[in-house]
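For reference, the chains in residue letters:
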Number of protein chains: 2
Amino acid sequence: MKLTIKSLPIFALMAVMFSGCNNSKSPNGNRGALASTAAEKVYVPPGEHDEFYAFFSGGYSGNLTVYGLPSGRMFKEIPVFSQFPTNGYGYSEETKPMLNTSHGFIPWDDLHHPDISQTDGKLDGRWIFVNGNNTPRIARIDLKTFETDEIIEVPNSAGNHSSSFVTENTEYVVAGTRFSVPVPQKDISIKEYRGNFKGALSFIEVAPETGRMNLKFQIMMPGFDYDLSHPGRGKSHGWFFFTTYNTEEANTLLEVNASQNDKDFIAAVNWKKIEEYINNGGGTKMPAEYAHNVYDHSTHSAKSTIKKEVLMVDPTKVPGAVFLLPTPKSPHGCDVDPTGKYIIGNGKLSADLTIHSFGKMIAAIEAEKFDGDAYGIPILKFEDVLAGQVKSGGLGPLHTEFDGKGNAYTTFFISSELVKWNVETREVIDRQPNYYSVGHVMIPGGNSAAPFGKYAVAMNKITKDRYLPTGPELEHSAQLFDISGEKMELLLDFPTHGEPHYAAGIPAEILAPESQKIYRLEDNKHEFAALGGDETRVERHGNEVHVYMSMIRSHFTPDNIEGIRVGDKVYFHITNHEQDFDVPHGFAMIGANNAELLIMPGQTRTLVWEPGQVGVWPFYCTDFCSALHQEMQGYVRVSPANSDIKLSWSLGE
Amino acid sequence: MKLTIKSLPIFALMAVMFSGCNNSKSPNGNRGALASTAAEKVYVPPGEHDEFYAFFSGGYSGNLTVYGLPSGRMFKEIPVFSQFPTNGYGYSEETKPMLNTSHGFIPWDDLHHPDISQTDGKLDGRWIFVNGNNTPRIARIDLKTFETDEIIEVPNSAGNHSSSFVTENTEYVVAGTRFSVPVPQKDISIKEYRGNFKGALSFIEVAPETGRMNLKFQIMMPGFDYDLSHPGRGKSHGWFFFTTYNTEEANTLLEVNASQNDKDFIAAVNWKKIEEYINNGGGTKMPAEYAHNVYDHSTHSAKSTIKKEVLMVDPTKVPGAVFLLPTPKSPHGCDVDPTGKYIIGNGKLSADLTIHSFGKMIAAIEAEKFDGDAYGIPILKFEDVLAGQVKSGGLGPLHTEFDGKGNAYTTFFISSELVKWNVETREVIDRQPNYYSVGHVMIPGGNSAAPFGKYAVAMNKITKDRYLPTGPELEHSAQLFDISGEKMELLLDFPTHGEPHYAAGIPAEILAPESQKIYRLEDNKHEFAALGGDETRVERHGNEVHVYMSMIRSHFTPDNIEGIRVGDKVYFHITNHEQDFDVPHGFAMIGANNAELLIMPGQTRTLVWEPGQVGVWPFYCTDFCSALHQEMQGYVRVSPANSDIKLSWSLGE
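Since we're looking at a predicted model, the values are computed, not measured. The residue numbering used here restarts from 1 in each chain and proceeds along that chain's sequence as written. Going through the entries in the order they are written, you letter the chains from A and number the ligands from 1. This being a predicted model, a pLDDT of at least 70 is required before a residue's local features are given, and a value of 80 or more before pairs of side-chain atoms are given or counted; all residues contribute to the totals for chains, interfaces and linings. The basis for the side-chain values is all heavy atoms of the structure; hydrogens and waters are excluded.

Here's the deal with the sheet that holds strand β21 (residues 331-336) of chain B
Residues and elements named next belong to chain B.
Moving on, step 1. The criterion for strand pairing is that DSSP finds at least two bridges linking the strands in question. Helix and strand assignments come from DSSP, with helices taken as H or I runs of at least 4 residues and strands as E runs of at least 2, each series counted from the N terminus. With respect to topology, 4 strands assemble into an open sheet ordered β21-β22-β23-β26, the strand pairing being antiparallel. For this open sheet the edge positions go to β21 and β26 (386-390), each flanked by a neighbour on one side alone. Across this sheet, the average inter-strand angle for adjacent strands is 20 degrees, counted without regard to direction.
Moving on, step 2. Sheet topology places strand β22 (residues 342-347) next to strand β23 (residues 353-357); 4 bridges connect them, and they run antiparallel. Across the sheet, the residue bridging to Gly345 is Thr354, located in β23.
Moving on, step 3. Any two residues whose heavy atoms approach within 4.5 Å are treated as being in contact. For helices, the fitted line uses only the C-alpha atoms of the stretch in contact; every axis is such a line through C-alpha atoms, and the angle between N-to-C directions lies from 0 to 180 degrees. Lying over the sheet, helix α6 (residues 358-366) contacts β22, β23 and β26, oriented at roughly 55 degrees with respect to β23.

See the structure below:
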């Protein structure tokens, strides 16, 4: 045990000096209760593990990154919406279907808001949901394998920003359009925006056992911009809250034209009421084209299906289902406290923070105290739903998270600070500057009924001089705070990969024991797997050639192939026969117009190669796998298109 | 200043207790001379900077990653050989030509060995060179902008592993083929390997001012596998050394068949002699097709040229140019000490480490003490060139680096350890276990005449339980050692991105002051740039539409575009008008079949969009740029193919 001077009164120090210096088990500092310096608090000694997983949105990387807290080390980048040359995601035949959409193959998206599945309002660690903002999609990532298992496109939407957040028991994962568009799409002048453009909110049900997603219904809302959302919980379970901006319905120069109204709205949606409505036959089926892509871990392959219909709900036809809560001004984050009593509207052009009361909202609804309507949707009165405001919190509030001890933590972009305040009294307790221009904040479980209020991570939008310079393009930056005490303590700056918009944290003890190590060969149902050595072979079907190949330390079977011709389309179906943890093999073919394959133990992957030139061309293993890794190679002989060289293959001959 | 108990004798501690506790300037630990715990040694407090840059090869990511030492934080991923959805590299029109090859567009490669440019054998920090292993290429990255400026394909090669290392004054960057192939390629049975397959070594000259690369000559060597290489320096300047394996010339099951010979070779190449030979008209011009891709920072665009010829040198025609040094067994790393006196052959299936003497080699050559030849290339006698061996160093030596204080650090893959030994006495000084199965080791400047021997980073191939588990696929792992003392001290485990094969480190003070912050708008010579507001416009040429767009906080000009038709090919040429550091903007178009554009201040980028559906479709800025970032959006109206809607564009109307 290492103790530092600052942390101890002299008597304790003397006692340690004469009795305790040599009973150390950890020579490299200490992260326990007595760790006192920031250095010690964030240091995870070699061989020890972080306390929390933190899943950071990659933003424009399209991927999800996995970090450890408190160390700030990145353990993995999980490809979701973007091609990932590193392991062939989006290049291999098995994974290409994951990126299919109604617009065809889309190799990129802008991944924003991760949310971990919940049971009874608590993180259950089964799946994590993320949204694609650009070509609207929701993805589900399995937290046993850390792989993207499912992607569903969201029709009638554009700029899928206010997602992907789950209800208290993961009944639904919810999405909302940021850009309103004609629904259905049509050839109409942009200047006809007002009244003609609509904003769809989408409720995607999640199968309790499998996690499988199904777009249950959409709500056709006015043509505002829907920014963020959060579920009700506890007493507000059954409701979902969405911030709106551009209630001005401007279609150009929004930085001016969408900043005119003193108040925009939080839309409160009683989804249980809508569920009841559609279960009784409510809603209208409308044509809509959207992709549903599902990855199957037994076939190690994804399939894409195009769906053709969606159930649309007109909120004005469902009394009591949707209400608008006036909220200053251009609110961005829409956050619900762990008790479900308060809805915080973070008015991004405001100095004050608005806290709505769920109880007052219900009372106002029951009393029918409305202040007009917007396209038929009742507007409540600001003062009737307001619980109170945090005054002088800062400037430009964006997002709020909670520590489970009655405190809220709000980021202020313009004044660049993280502000801690008491949810009930709304008094400011502490404020810490952020370097620079903070966007989201994350506390593990901070968007649930049961946060783990030990650390807060501020995700900053501007980096400038925080790290060694790397030319004009910089990574974004996160700051880790210890929030276990009354005052926040800045511990660490660490760079993030892509542009994090929100993150989701969870204690390691929930996920780590469930983490899968290999795929069992005996469970491999891939159509083209070569499971036994005798199944390795090469087959020609016209100009399609299928190579059934296996790999094990340190050779491919077969490793010499002849009889391939220019103009052939060669499918290398390769099965990794290893059954030990952390023994992947890679496969690369010179001149291939895609990427490598990185193949996990027990898995099968397929690379297509269309040889354009006569010659003898090598392939090799890309992942250093043994002392004889450099010997793990092979050759393919490519003959002219009209050659009569017979197909042959061998190993060791 | 924070001091810990362990570091101080009691008297000193008492003195501090009563006099020194309050004179602290850094509340968060201390990295200075008195930092005593590993935690403090690796901790870089918020706002402070790391001491070294470390450039890690991304291996199968195809990219180069930039870390700080001692913190182990990743600051950037520089796209080189792979498409990078994060910023549109390989998707934007300006960057696609960077990935062109004689095989067409290749969106991936396997990036292995970074090497920083040198002057007088010392790191000069101008450029860093890296190799693509799969479809043989060398790239040059500018260390002012941290962008890939140039990629040259290497013809007559396959598995470009033994590169990219530079000579003492960056006269050349050198490459060597790992897989021998027919040269030129031809339709020949793989079984005809022996004698018919050849291994090309490539010398690419580097223009002293611009860094521009030109393939000066290739040497047609026997059909071995060329594994790694390093330049001579000091007295051995003018020579280059390449390890070989598979001198058995096996073509199948190499893990067995290429491990038969007791000794393979290190090939010593006197490139100055060959330079003289070709300057006198030596060598044979042979047809060869290879791409040369150059990025121009004034046009912000890359151009690809296909070259058609290479100068080939037959080493048997140049007396005194190439010799073979027998080296046990299947040597992998080929490392030259800072003085240039010793060449270390790391026989990967050996227990001992072989150190050849440059002086003894020269003497043996001058005495013509040869032991036969291989395809006409003289073989020297092992005992004539041997300086000595490190006995019981470990098992499976792979790579060696140097600290500039007379010590070498060798990794042993099989026994999984880093071993420090004295270069002159060859005595082992210290050994530290690695977790697990170490490949390369890097000391900043460790491959130069003047290493900075403060830290060593071991890059490990197996990760297993070093971090929180993330399913079957794991990141690789690095370990940071303090090597400033007699014994090495393990400081930190940190994960790496992709699979690092080697790294190159350099003191921050060399690079940081030169780092570029923005691109000046006035220097922007992009053909389609809209530099003034009045240059923004939309032009139709048949079904090609060119949008000349600008972006500045927080709007696009124009942001409403009409008159686009289904079937059009729309080129968005977008210029970022910001001139402040760290204010990039992004551009994303719903349904685009490529990626986003991330555009630095002063830069122009082009995205192609081929709208397939009638409707009104949004675009937006993907990089949170201001309090009104969410308002930075626009719409494009897409009409049917036969529509007569006139082209129009506007902002704020």
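Examining the interface of chain A and chain B
Moving on, step 1. Contacts between chain A and chain B engage 170 residues on the former and 170 residues on the latter.
Moving on, step 2. Buried area: the accessible area, evaluated with a 1.4 Å probe, that two parts lose upon being put together, summed over both parts. Interface of chain A and chain B: buried area, both sides summed, is about 14500 Å²; carbon and sulfur atoms make up 60% of it.
Moving on, step 3. Salt bridge, as applied in this entry: a Lys or Arg side-chain nitrogen positioned within 4 Å of an Asp or Glu carboxyl oxygen. The tally of links between chain A and chain B comes to 4 salt bridges.
Moving on, step 4. Where Glu631 of chain B meets Lys348 of chain A, a salt bridge forms, and the shortest distance between an N and an O atom there is 2.8 Å.

Topic: the packing of aromatic side chains
Moving on, step 1. Only the six-membered ring of Trp is used, alongside the rings of Phe and Tyr, when aromatic pairs are assigned; centres must lie within 6.5 Å, and planes under 30 degrees apart are stacked while those over 60 apart are edge-to-face, with the rest tilted. Scanning all chains against the criterion turns up 73 aromatic pairs over all chains.
Moving on, step 2. Seen from their ring centres, Phe203 of chain A and Phe240 of chain A are 6.0 Å apart, and the 85 degrees between their planes marks the pair as edge-to-face. Of this pair, Phe203 of chain A sits in strand β13 (residues 197-206) while Phe240 of chain A sits in strand β16 (residues 239-245); the two residues are 37 residues apart in sequence, bridging distant segments of the chain. Here the two residues Phe203 of chain A and Phe240 of chain A agree in accessibility, since each one is buried.
Moving on, step 3. Centroid distance Tyr53 of chain B to Phe146 of chain B: 5.9 Å. Interplanar angle 40 degrees. Geometry classified as tilted. Taken together, the residues Tyr53 of chain B in strand β1 (residues 52-57) and Phe146 of chain B in the loop between β8 (137-142) and β9 (147-153) connect sequence positions 93 residues apart. By the burial criterion, Tyr53 of chain B is buried, and Phe146 of chain B matches it.
Moving on, step 4. Following the ring pairs from residue to residue traces out a cluster consisting of Tyr172, Phe203, Phe217, Phe240, Phe242 and Trp271 of chain A.
Moving on, step 5. As a reminder, the over-ring test applies to NZ of lysine and CZ of arginine, requiring each to be within 6 Å of the ring centre and within 35 degrees of the ring normal. A cation sits over an aromatic face here: Lys517 of chain B above Phe581 of chain B, 5.3 Å from the ring centre. Only protein chains enter the accessibility calculation, which uses a 1.4 Å probe; a residue whose area is less than 20% of its type maximum is buried, one above 50% is exposed, and one in between is partly exposed.

Points about the sheet that holds strand β27 (residues 397-402) of chain B
Residue and element names in this part refer to chain B.
Moving on, step 1. Strand order across the open sheet formed by 4 strands is β27-β28-β29-β30, with antiparallel pairing between neighbours. Two strands lie at the open edges of the sheet, namely β27 and β30 (428-433), each paired on one side alone. For this sheet, the mean inter-axis angle between neighbouring strands, taken without regard to orientation, is 20 degrees.
Moving on, step 2. By the bridge criterion, 6 bridges tie strand β28 (residues 407-412) to strand β29 (residues 417-422) in an arrangement that is antiparallel. Bridged to Tyr409 within β29 is Lys420.

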